[in-house]
Amino acid sequence: MAKITYIEHDGTEHVVDVKTGLTVMEGAVKNNIPGIDADCGGACACATCHVYVDEAWRDKTGSTSAMEESMLDFAENVEPNSRLSCQIKVSDELDGLVVRMPESQH
Amino acid sequence: MSDLGAHVVILGAGHAGGTAAALLRQYGHTGKITLVGEEPIPPYQRPPLSKAWLKGEADADSLALKPLEFYAEHDIDFRPSTRAVKIARADKVVTLQNGETLSYDILILATGARAIKLPVEGADLAGLLELRTAADAEALKAAVGPGKRLAVVGGGYIGLEVAASGRALGAEVVVIEREPRLLARVACEALSDFFRGYHEKNGVTFELGATVAGFEGQDGHVTGVKLQDGRVIACDAVVIGVGATPNDEIAAEAGLETARGIVVDLEARTSDPSVFAIGDVTHRPMPIYDRMFRMESVPNALEQAKQAACAITGRPAPAGEVPWQWSDQYDLKLQIAGYAFDVDEVLLRGDPASGKFAVFHLKGDQIQSVEAINSPPEFMMGKQLIGNRKAVSKAKLADPTVSMKEVVA
C-alpha cells in the first residue's frame, strides 16, 4: 500500500491509498480522480495517462521502456519528468509519491 | 440547459455506461444515477478478455473499471443482473424484466452490441463459444490449454487475439475465415499478409476462403467444424468471432430513430432530447469523414460517454476526436487511427519483415487512416495529421529514414 498524491493541473490535490501491484494510473482511475483518462486501460497504446513525477521520486519510479519512451516522444506538453502512469507499478517504496497532471491528455 | 439534479437512468453497464456514470459524478451531477446492467458484475474492461485475462495475467479486480464500493460511495444505484424491456418515452418510464418501473428525467442507452451467431446445423452444441463478456472469457479459459484443439471461426481482430492467447496457453489453433484473407473487412492486404505470416510462425494454421457449413458433435459437445467443401476440422472447442450487431431493438421499439444503430448527434443525443445513446450501439456522426457510421471500440465508448456527460451537466462539448483502436498479439502492438474512407492510395512505410512498419491510407495528400505495427511515432503523428487534415509529402512519408517529426515539419 502506498499513499499517492495526485495534483490536477489547476492545483486540486487528491491523496489516496493505492494497493501494491496496481499501477499509478489504476490508482487514479479506480478513485475517480480527474485528469488521467487512460483510454486504453494500461496497454501503453494511447498516452492519455501522462503525469509529471516529482523530482524526488524520479529514480524510485524506475526507467521507461522503449515503447513508453516512444509514445511520450509524441505526446503533448512533455517534460523531462514525464511518464505514462500505466507503466509505474505501485510498491511500498512509492509511499508518499507525488505526481502532477498535464493541462490536457489529448 | 442542464439540470444537475435530474434523475439519470443508464441502460447498459459496460465500458460506455460505467464511464458515463463516473463522469457525471466527476462533472458535479448531484441527482440520482441508476445504472442498469445485465451482467452480474460491475462495469469492466473488455479488451483484456482476449489477451491478458485469457492468459491469466489479469484478475477480476484489475478488469473492473471501479471497485464495487465506488458505486455506493458515489451514490450510484448499480443494478446488476437486470434487464430493461421497454421504454415509454411519453411517460419517461423504463420497465425492467421483473416488472419494476424506473422513472427518468434523462435516459442514456448504452446497450452495446452482441455477437452474431452462425445460422448453421449444430450451432447449439456445447463447446461453441463467443467472446463478449467475462463469463464468455471464463468458459473459453476453461476450454483451452495444452493438448486442446481450438477452432476459431472468423479471422478478425478478436479471432486473431484469441488465436495468439490460445497458442500462449499451449493449445493447437486453427483459424477459419470465409474471405480469402485475414482482417478483410478492416485492414489492407499488406497487413493481412503480415498477420498471417506472424501467426503461422507461432504455430497457428489457417483455412482461408472456407465457409462453415455446420458443427459436428458427440454427446452434445462439439467435436468438429464442418466446412462447405465437406472436410471436417476436428476440435475440442470453437470460438466464433464473426462480428457483432447493435442492441438497438429497445430503442427502435420506443420509436427512436435507428439506422444499423441508434442515431445520435455529436452530443450523443438521440432523436428524443431526453434520451442519449453511447458506445457500440450508436450510429454517430464523424465530422472528419463527413459521414455517419457505427464503431465498436473502447475509445469511442469513452468519447461518447464524455459527450453525453458534458451535455447533461452543461459543460462545453469535448473537442472533435480522431477515432482509434489497438490490438495486442504475441509481442506485436497494432495501433490504428482513423478509418480508410475515400482512399485513393495506400502507402507502406518501413519493412514488414522487420516487424515494425506502418500503412498509411491517403486521400490526395491527406491521411485518412494509419495502421502502425510496433511503431508508436507513426501512430501518434498519423493520428494528429488525420485530425488537423494537414497535407503531407508522400515521398517523405514513404521514407523511414525521414523521422515522423520531419514528415510533419
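Coordinates for the structure precede this section.
Residues numbered from 1 in each chain as written. Chains lettered and ligands numbered in written order. Predicted model: local features only at pLDDT ≥ 70, side-chain atom pairs only at ≥ 80, totals over all residues.

Brief notes about the overall build of chain A
Here is step 1 of the chain: Broken down by element type, chain A carries 2 helices and 5 strands.
Here is step 2 of the chain: What you see for chain A is a C-alpha radius of gyration of 12 Å, in line with the 13 Å of a compact globule of 106 residues.
Here is step 3 of the chain: Dimensions of chain A along its principal axes, counting C-alpha atoms only, are 30 × 25 × 25 Å.
Here is step 4 of the chain: Across the 106 residues of chain A, 42% fall into the buried class.
Here is step 5 of the chain: For chain A, the share of sequence-separated contacts (at least 6 apart) that also reach a separation of at least 24 residues comes to 66%. (Helix = DSSP H or I, 4+ residues; strand = E, 2+ residues; numbered from the N terminus. Rg over C-alpha atoms; globule rule 2.2 N^0.38 Å. Buried ≥ 20, exposed ≤ 12 C-beta atoms within 10 Å, placed from the backbone. Contact = placed C-beta atoms within 7 Å.)

Some points on the environment of Gly230(B)
Here is step 1 of the chain: In this structure, Gly230(B) sits in the loop between strand 14 (221–227) and strand 15 (232–234).
Here is step 2 of the chain: For the pair Gly230(B) and Ala213(B), spaced 17 residues apart in the sequence, the C-alpha separation amounts to 8.3 Å.

Structural notes on the packing of helix 1 (residues 15–26) of chain B against helix 8 (residues 298–313) of chain B
Residues and elements named next belong to chain B.
Here is step 1 of the chain: One way to put it is that helix 1 packs onto helix 8 with a least axis distance of 8 Å and a crossing angle of 35 degrees. Crossing angle aside, the handedness with which helix 1 passes helix 8 is right-handed. On the side of helix 1, the interface is formed by His15, Ala16, Thr19, Ala20, Leu23 and Leu24, while helix 8 contributes Val298, Ala301, Leu302, Gln304, Ala305, Lys306, Ala308, Ala309, Ile312 and Thr313.
Here is step 2 of the chain: Grouping the constituent residues of the contact of helix 1 with helix 8 by class yields 11 nonpolar, 4 polar and 1 charged. (Axes fitted to C-alpha atoms, helices over the stretch in contact; angles between N-to-C directions. Left-handed = near helix turned anticlockwise from the far one by under 90°. Nonpolar A, V, L, I, M, F, W, Y, C, P; charged D, E, K, R; others polar.)

Structural notes on the pairing of strand 25 (residues 357–363) of chain B
Residue and element names in this part refer to chain B.
Here is step 1 of the chain: With 6 of 7 residues buried, strand 25 is to be regarded as a mostly interior element.
Here is step 2 of the chain: Of the strand pairs in this sheet, strand 24 (residues 345–349) and strand 25 are connected by 5 bridges, and their pairing is antiparallel. The residue bridging leucine 348 from the neighbouring strand is valine 359, located in strand 25.
Here is step 3 of the chain: As paired elements, strand 25 and strand 26 (residues 366–373) share 7 bridges and run antiparallel to each other. Directly across from leucine 362, in strand 26, lies its bridge partner isoleucine 367.
Here is step 4 of the chain: Between strand 25 and the antiparallel strand that follows it, strand 26, lie 2 residues; glycine 364 among them carries a positive phi value of about 65 degrees. (Pairing = 2+ DSSP bridges.)

Some thoughts on the sheet that holds strand 2 (residues 33–36) of chain B
Residue and element names in this part refer to chain B.
Here is step 1 of the chain: Read from one edge to the other, the open sheet built from 5 strands follows the order 3-2-1-7-19, with strand pairing classed as parallel. Because the sheet does not close on itself, it has two edges, and the strands there are strand 3 (76–79) and strand 19 (275–277). Averaged over all pairs of adjacent strands, the angle between their axes in this sheet comes to 15 degrees, without regard to strand direction.
Here is step 2 of the chain: Across 4 bridges, strand 2 lies against strand 3 in parallel orientation. Looking at the pairing, isoleucine 33 lines up with isoleucine 76 of strand 3.

Let's talk about the interface of chain B and chain A
Here is step 1 of the chain: Taken together, the 19 residues of chain B in the interface contact 14 residues of chain A.
Here is step 2 of the chain: Going through the elements one at a time, helix 1, helix 8, strand 22 (324–329), strand 23 (332–338) and helix 9 (376–388) of chain B are the ones with two or more residues in the side of chain B that touches chain A.
Here is step 3 of the chain: If you tally residues by element for the side of chain B that touches chain A, the top one is helix 9 of chain B, at 4 residues.
Here is step 4 of the chain: The residue makeup of the side of chain B that touches chain A, split by class, is 12 nonpolar, 3 polar and 4 charged.

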